[in-house]
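Topology and contacts: notes
Given next are the chains, with one letter for each unit.
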Amino acid sequence: MRQKSKWLLLLLLLLVVGLVGCNTNEKITTSTTPDNEEKSKTEEVSLTIGSWRTEDVAKYEKVIALFNEQHPEIHVSFNPTKNTEYNTVLNTALQAGEGPDIFHLRPYAAGLKLAEAGYVEKINGLNGLNVFPEEALQASRDDQGNQYGVPINLSSTQFFYNKKIFKDNNLEIPTTWDEFIALNDQLLEKGITPIAMGTKEGWLLSLLHGIVGPAVYEGNDFYQAVLAGEKDFTDPKFIESIQVMNDLKKYFPVNSEGLGMDDIRTLFALEDAAMFPLGSWEIPVVLEMNPDLDLGYFPIPSKESNTTVTTWVDGSFAINANSKNKEAAKVFLEFLTTKEFGDLFVKEFSMISAIPGITSDDALLNAISHSTANEATPYMWVTNFTGGDPTTKSLLESELQGMYLGQVTPEEVATKVQENAKTWFTPFQK
């Protein structure tokens with residue numbers, strides 16, 4: 001009996017030990033699982049951003065610092081490439097299955113070519129996209145409605161002018177096309193270079209046509225007719241816009257054929273020219289060169305006394321389809337849709353935010369922003385005519401350079417532009 005009790009006691013002891021062991025194992029399991037989940041939530045991730053904006057490194061450091069206030073676990077590096085080399089460097093990396101996690105996407109057709117090739121991640125349904133107007137989203141949206149980029153800023157082109165030169169010579173901002181031409185003649189008579197413009201770099205010429213062309217063919221009406229295939233570049237009004245480009249040459253600096261961007265910027269910044277037809281992005285550049293420059297702008301007046309500034313989305317941020325950190329990249333892109341980012345952007349970059357309603361402490365920038373909202377016409381050479389081989393835009397540029405050298409007539413420029421566009425632009429093939 002005593003032996004039987006001994007074995008029973010031993011059996012009970014083993015049972016208790018087993019139960020204790022089970023309970024111990026269960027506690028270990030339940031206590032470590034939450035820690036693992038928390039670790040996965042806060043796991044550090046590194047993102048790289050590619051861009052052509054080498055001049056904006058310090059500014060993007062401030063953007064990243066603001067982002068990290070909410071997301072300290074995501075480390076972001078802004079690694080830009082020289083703008084003239086950016087396309088080649090990015091395309092080569094993407095073709096090799098590499099490249100930055102996030103990159104600056106060229107607007108419209110140029111960026112969508114990368115999307116068509118499968119290099120860009122779709123961001124349909126990304127939180128925050130609904131803050132943007134459709135016109136801004138279309139810069140990185142394909143024909144099927146897939147969204148690939150978050151628009152960052154709007155660019156505009158208009159005539160900047162030196163307020164001091166105007167005041168000293170009793171000159172007024174023109175409100176009609178005839179007044180604009182008379183203004184140039186007055187400046188020329190006074191020995192002042194009216195327009196800081198050179199013809200050495202072709203992109204300056206398509207940009208100038210984007211400003212003055214709508215003043216001749218009445219901007220949006222002609223633009224909409226072209227998109228519908230109802231008018232094309234053989235239209236007399238379009239030919240007249242090329243003739244106007246030729247006529248303006250006498251208001252350019254002497255030897256304008258040899259002048260590029262740096263030259264004309266310097267002429268205007270150092271107050272050796274009265275007007276500067278260029279983009280809103282030039283405001284901080286010329287003011288850095290000459291902080292005392294009293295800078296103003298005016299929308300170009302048309303022959304029918306309408307006024308326009310030319311606008312477009314100048315780049316979006318997109319996600320590399322081969323990125324290993326897509327979810328973190330989406331978090332960063334969502335941040336780019338917020339008012340906090342928009343406010344910082346206009347303050348630090350002195351550019352117009354693509355987010356509606358963002359204002360600046362800079363009165364000039366606010367005024368231009370108002371014009372882009374109320375007097376805008378699309379920069380059609382960028383928004384719609386970067387197709388073709390060569391592109392219609394680049395062909396226009398080379399033909400305008402030839403015109404300024406006396407090699408082709410305005411009629412011939414228009415004919416060649418139309419022939420090029422007809423090879424690929426569907427509305428012209430009806």
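These figures come from a predicted structure and were not determined experimentally. (Residues numbered from 1 in each chain as written. Predicted model: local features only at pLDDT ≥ 70, side-chain atom pairs only at ≥ 80, totals over all residues. Heavy atoms only, no water.)

**Some thoughts on empty space enclosed by the protein**
The following threshold applies: Buriedness for pockets is judged along seven lines, at least five of which must meet protein on both sides within 12 Å for an open set on the 1 Å grid over protein atoms alone, while cavities are sets there where a 1.4 Å probe fits but cannot get out, and lining residues have an atom within 4 Å of a point. Grid points are joined across faces, edges and corners, and a volume is the space filled by probe spheres set on the points. Here a helix means four or more residues in a row that DSSP labels H or I, a strand means two or more in a row labelled E, and each is numbered from the N terminus. Each residue gets one of three labels, nonpolar for Ala, Val, Leu, Ile, Met, Phe, Trp, Tyr, Cys and Pro, charged for Asp, Glu, Lys and Arg, and polar for the others, Gly among them.
If you walk through the whole model with that rule in mind, you get 2 cavities of 30 Å³ or more. Quantified by volume, the largest cavity comes out at close to 50 Å³. Those elements that place two or more of their residues in the lining of the largest cavity are α8 (202–217), α9 (219–227) and β13 (376–378). Of the residues forming the lining of the largest cavity, the biggest block, 3 residues, is contributed by α8. Here the lining of the largest cavity is composed, by residue class, of 6 nonpolar, 4 polar and no charged. Taken as a whole, the second largest cavity holds about 30 Å³ of empty space. Looking at the second largest cavity, the residues that line it are Val346, Met351, Ile352, Ser353, Ile358, Thr359, Ser360, Leu365, Asn366 and Ser369. Of all the elements in the fold, those that place two or more residues in the lining of the second largest cavity are β12 (352–353) and α15 (363–374).

**Considering the nonpolar core**
A general feature of soluble globular proteins is that nonpolar side chains tend to end up buried together. In plain terms, the rule: We define a nonpolar core as any set of buried Ala, Val, Leu, Ile, Met, Phe, Trp, Tyr and Cys residues linked to one another through side-chain atoms lying within 4.5 Å. The classification of residues rests on relative accessible area computed with a 1.4 Å probe and restricted to protein chains. Under 20% of the type maximum is buried, over 50% is exposed, and intermediate values are partly exposed. We call two residues in contact when some of their heavy atoms are within 4.5 Å.
Grouped together as the largest cluster of nonpolar side chains are 114 residues, with contacts concentrated most on Phe233, Met275, Phe332 and Leu333. Take this core: its biggest share by element is 9 residues, from α8. Discounting chain neighbours no more than four positions away, the residues touching Phe233 are Phe222, Phe238, Ile239, Met380, Trp381, Phe385, Ala414, Val417, Gln418, Ala421 and Phe428. Ranked by size, the runner-up nonpolar core spans 12 residues in total, among them Trp52, Leu90, Phe103 and Leu105.

**Topic: the sheet that holds strand β2 (residues 74–78)**
Either a parallel or an antiparallel arrangement is found when strands of a sheet pair, and the pairing is made through backbone hydrogen bonds. Operational definition: Being paired, for any two strands, means DSSP has found at least two bridges between them. An axis is simply a line fitted to the C-alpha atoms; with a helix, the fit covers only the stretch in contact. Between two such axes, the angle follows the N-to-C directions and lies from 0 to 180 degrees.
What the 5 strands build is an open sheet, ordered β2-β1-β3-β11-β4; its pairing is mixed. Two strands bound the open sheet, and with one partner strand each, they are β2 and β4 (149–151). Each adjacent strand pair in this sheet contributes to an overall mean axis angle of 25°, direction not counted. Contacts between helix α13 (residues 326–335) and the sheet are confined to β1 (45–50), β2, β3 (102–105), β4 and β11 (316–319), with β11 contributing the most and set at about 165° to the helix.

**Digging into the confidence of the model for the chain**
Selection criterion: For every residue, the predictor states its confidence as a pLDDT score lying anywhere from 0 to 100.
On average, the chain scores 91 in pLDDT, and the residues at 70 or more come to 90%. Across residues 1–40 the pLDDT falls below 50, and counting only partners more than four positions away or on other chains, this stretch makes 0 contacts in the model.

**Considering the environment of Pro151**
Here Pro151 lies in strand β4. Pro151 has contacts with Phe132, Ala136, Leu137, Val313, Gly315, Ser316 and Ala354, leaving out every residue within four places of it along the chain.

**A look at the packing of helix α10 (residues 236–247) against helix α17 (residues 392–404)**
As a reminder, the rule being used: When describing relative orientation, an angle under 35 degrees is termed roughly parallel and one over 145 degrees roughly antiparallel, while 65 to 115 degrees is termed roughly perpendicular and anything else oblique. Less than a right angle of anticlockwise turn of the near helix away from the far helix marks a crossing as left-handed, whereas a clockwise turn marks it as right-handed.
Put simply, α10 and α17 touch, their axes get as near as 10 Å, and they point 50° apart. By the angle class used here, α10 and α17 are oblique. The crossing of α10 and α17 is right-handed. Residue-level contacts link Ile242, Met245 and Asn246 of α10 to Leu396, Leu400, Met403 and Tyr404 of α17. A breakdown of the residues in the contact of α10 with α17 according to their chemical character gives 6 nonpolar, 1 polar and no charged.

**Observations concerning the side chain of Asp235**
Heads up, the rule is: Two N or O atoms count as a polar contact when they lie within 3.5 Å, although within protein this holds only if one can serve as hydrogen donor and the other as acceptor, and sequence-adjacent residues are included solely when both atoms are side-chain atoms.
Position of Asp235 among the secondary structure elements: in the loop between α9 and α10. Reaching out from Asp235, the side chain makes a polar contact with the backbone nitrogen of Lys237 at a distance of 2.9 Å.

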